[in-house]
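# Residue-level structural notes
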Amino acid sequence: MLPIDVIAVLGKFGGYAVFVLIGIGFGVSLELAGFGDSRRLAAQFYLKDMTVLKTMFTGIIVAAILIFLASALGYLDFSQISVTQTFLWPGIVGGLIMGVGFIVGGYCPGTSLVSAASFKIDGLFFLIGTVLGAGLFGESLPAFEDFWNSSFTERYLVSDWLGWSIGATLFAVVVMALAMFYGAEKTEEFFRNKGKDKPWSWKISKRSYLAGSMVLLVTAAMVWIIGQPDPVRKWSLMEGKYAGQLAARDVFIHPLEYVKTYNEASIKLVTLDLRSENEFRTFHLSGSENAKPEDFLNPGFVGPLSQLPSQGVVVLIADNDSVSVQAWKYLKVQGVNNVYILENGLKNWNSLFEGKTISGKTINTASPPSEVLQLFPKDAYSPKIKISTKKRSGGLCS
Amino acid sequence: MKIKTKPYKNPYFAGTILGVVLFGAYALTHSGLGASGAISRIHVALTKLLWPSHVDIISTFALMGAGDHNPLDHASVFLLIGTFAGGMISALLNGRLKFEIFKGPQISNWQRLIFALIGGLIMGYGARFARGCTSGQALSGGAVLSLGSWAFMFSVFIGGYAVAYFVRRLWVESN
């Protein structure tokens, strides 16, 4: 199932080679569109040539349709796709600054690269400028670092904001893009220097444009109708990837490993207790939260768990394995990293510490301190928790 | 080898290739396309060459190249190398690989180069501010429907249109 992590599969150098190949595809498509030519890019802002808008939005909707179609059909796990983190206001301010740089210099960073690669001197100067600008930013950042780190959300989609499904949002975006293309054609017709500008190398009839639009619309509608897989369907698609971990009991941790993790300051531990409310009220581990099995199908509940920092660990507690395993499956397929199950729940919890004392005092079993670990032999359990620090956000911009 | 300069491709055709490449990037690497991160890494590498201790002091530089960490040892740098190579290959095959300066009709070559440098400086600064450039934030984030990326994208256009009138001498013909 996609996405593949090429660096994990092919090793560092094989992976880097794939990045070079993807880059070549990127560079070729930018050059073919004419993005190595500053006049063409700048003309976007004088309404004479809307190539920037047309190419960019075509790229966006084609990629979006492919991504969400693959996800709807079960070929791609969208929870593993890196979505750039949102820093809303710094993003908007940075965008405004970039708009100014765009019209003054005639390029953006990616296009100046392609321009310089095709020996355009102005592209090269712009590229040198971006290197210097990146440095200047680092030097000046201390003056406004708080603002730069403000209004942060890890993974926030347009669909979350609208409260729509991904399919409906995608369809709306495609409709909007097609309307913008129509507007762009009309605008160009109106503002173009008649007779002077070169025609496209492809003269396409109106009918072909209509056919292309229909393909996009119908595919987007299909994505909407099929829908993105819910956790139940996702598990049936992804069982092969995770079932082995369950069978080998790699995700069941010993109570003492829980105590160790609980006392580790560097780990952000979330403990979810799936027992009944009554049992929870009678006794629960300090810091744990009571959760119901159906919570694990609720995106509002799971969302924050999938956005824990890389040192985040989720531990599930239940009276029987089938309940905790079910919850574990749902969390895994929704992209939550580092999920573990407390072996046997709390059934043997209290008896484990029975009769043990630390400097004469009995142990608070709801919140056992790390000293407890010294009362047991070192090999009392085999540690299972491996913090996977796979970075799924940030992407290539950072 | 002399190749006749061919016109650019239909923007929707080029955009479709771009979209397929972007999907490929997501499918093979988890993340989309980008350029500004690698540009920043080149800056850090250059700074490190000239003034190594300075890299450890500035927080954003240190993240990329503090201590004996090589700032260029990162996937984004290889994506950048590929983008450069791809641009060159396509320009070569289409007869566009030649030394020239693209500019509006009203300004001299030197004026154009100075404005390109200034524009690049502003762009490089803004791209770090927005944590990504047009390709990383707008294109890649837009395709996965990230709200911040859409807000960013529209603000780039707003910024450009707001200033376009005042710098029109750089690009348009005199009336």
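Residues numbered from 1 in each chain as written. Chains lettered and ligands numbered in written order. Predicted model: local features only at pLDDT ≥ 70, side-chain atom pairs only at ≥ 80, totals over all residues. Heavy atoms only, no water.

This part covers the overall build of chain B. Check the secondary structure of chain B and you find 8 helices and 0 strands. Listing every helix and strand of chain B by position from the N terminus yields α-α-α-α-α-α-α-α. By its C-alpha atoms, chain B is 55 × 45 × 40 Å across when sized along the principal axes. In chain B, which comprises 175 residues, the share counted as buried stands at 58%. In chain B, the proportion of contacts linking residues at least 24 apart, taken out of those at least 6 apart, comes to 54%. Side chains of chain B give 14 positive and 5 negative charges; the mean places of these two sets differ by 15 Å. (Helix = DSSP H or I, 4+ residues; strand = E, 2+ residues; numbered from the N terminus. Buried < 20%, exposed > 50% of the residue type's maximum accessible area, 1.4 Å probe, protein only. Contact = heavy atoms within 4.5 Å. Lys, Arg positive; Asp, Glu negative; His and termini not counted. Charge placed at Lys NZ, Arg CZ, Asp CG, Glu CD.)

Grouped burial of nonpolar side chains is what soluble globular proteins tend to show. Of all hydrophobic cores here, the largest spans 90 residues; its most connected members are Phe68, Phe78 and Ile103 of chain A together with Leu33 of chain B. It is helix H3 (residues 51-72) of chain A that contributes the most residues to this core, 14 residues altogether. Apart from residues lying up to four places away in sequence, Phe68 of chain A is in contact with Phe78, Ile166, Leu170, Val223 and Gln228 of chain A together with Ala143, Val144 and Leu145 of chain B. Listed in part, the 46 residues of the second largest apolar core include Leu272, Leu285, Tyr340 and Ile341 of chain A. (Core = buried A, V, L, I, M, F, W, Y, C linked by side-chain atoms within 4.5 Å.)

The terminal C-alpha atoms of helix H1 (residues 11-29) of chain B, which comprises 19 residues, lie 26 Å apart, in line with the 27 Å expected from a rise of 1.5 Å per residue. Its side-chain oxygen placed 2.8 Å from the backbone nitrogen of Tyr12 of chain B, Asn10 of chain B serves as the N-cap of H1 of chain B. (Expected span 1.5 Å × (residues − 1). Polar contact = N/O pair within 3.5 Å; in protein donor to acceptor, adjacent residues only side chain to side chain.)

Residues and elements named next belong to chain A. Evaluated as defined, the whole model comprises 15 salt bridges over all chains. For Lys234, the salt bridge identified is with Asp77, shortest N-O distance 2.7 Å. Of this pair, Lys234 sits in helix H11 (residues 231-247) while Asp77 sits in the loop between H3 and strand E1 (86-87), and the two are 157 residues apart along the sequence. Comparing Lys234 with Asp77 shows no difference in burial state: the two are buried. For Arg275, the salt bridge goes to Asp273, with nearest N and O atoms at 2.9 Å. Given a relative accessible area of 10%, Arg275 falls into the buried group. Overall, Asp273 belongs to the buried group, its relative accessible area being 0%. (Salt bridge = Lys/Arg side-chain N within 4 Å of Asp/Glu carboxyl O.)

A few words now on the interface of chain A and chain B. Between chain A and chain B, the contact holds 138 residues from the first and 124 residues from the second. Carbon and sulfur atoms make up 76% of the surface buried where chain A meets chain B, a total of about 11,900 Å² over both sides. At the junction of chain A and chain B, the tally comes to 4 salt bridges. For Asp122 of chain A, the salt bridge goes to Arg112 of chain B, with nearest N and O atoms at 2.9 Å. At the surface where chain A touches chain B, the tally comes to 42 residue pairs in polar contact (both at pLDDT 80 or more). Broken down by element, the side of chain A that touches chain B gets its largest block of residues, 19 residues, from helix H1 (residues 6-33) of chain A. For the side of chain A that touches chain B, the per-class residue count stands at 86 nonpolar, 38 polar and 14 charged. (Buried area = accessible area lost by both parts, 1.4 Å probe. Nonpolar A, V, L, I, M, F, W, Y, C, P; charged D, E, K, R; others polar.)

Let us look at a nonpolar patch on the surface. Taken together, Leu73, Tyr75, Met214, Val218, Met222 and Ile226 of chain A make up a surface patch of nonpolar side chains, about 570 Å² in accessible area. Classification of Met222 of chain A by relative accessible area gives partly exposed; the value is 40%. (Patch = residues over 30% accessible without salt bridge, like charges linked within 9 Å, V, L, I, M, F, W, Y side chains within 5 Å. Areas by Shrake-Rupley, 256 points an atom, 1.4 Å probe, with all protein chains shown as cover.)

As a further point, take helix H4 (residues 88-105) of chain A. All names here are of chain A. Between its first and last C-alpha atoms H4 spans 25 Å; for 18 residues at 1.5 Å apiece the expected length is 26 Å, and the two agree. Along H4, the residues classified as buried are Pro90, Gly91, Ile92, Gly94, Gly95, Met98, Gly99, Gly101, Phe102, Ile103, Val104 and Gly105. Trailing H4 by a residue or two, Gly106 shows a phi angle of about 90°, which is positive.

A separate point is the packing of aromatic side chains. Summed over the entire model, instances satisfying the criterion amount to 25 aromatic pairs over all chains. With a centroid separation of 5.9 Å and 55° between ring planes, the pair formed by Phe57 of chain A and Trp150 of chain B is classed as tilted. A residue pair is termed interchain when its members come from two chains, as with Phe57 of chain A in helix H3 and Trp150 of chain B in helix H8 (residues 147-164). Of the two residues, Phe57 of chain A and Trp150 of chain B, both sit in the buried class. Measuring from centroid to centroid gives 4.9 Å for Phe68 of chain A and Phe78 of chain A, while their planes differ by 55°, and the two rings are tilted. Here Phe68 of chain A is found in helix H3, whereas its partner Phe78 of chain A is found in the loop between H3 and E1, with 10 residues between them in sequence. (Phe/Tyr/Trp six-rings, centres within 6.5 Å; stacked < 30°, edge-to-face > 60°.)

Shape descriptors only; they carry no functional weight alone.
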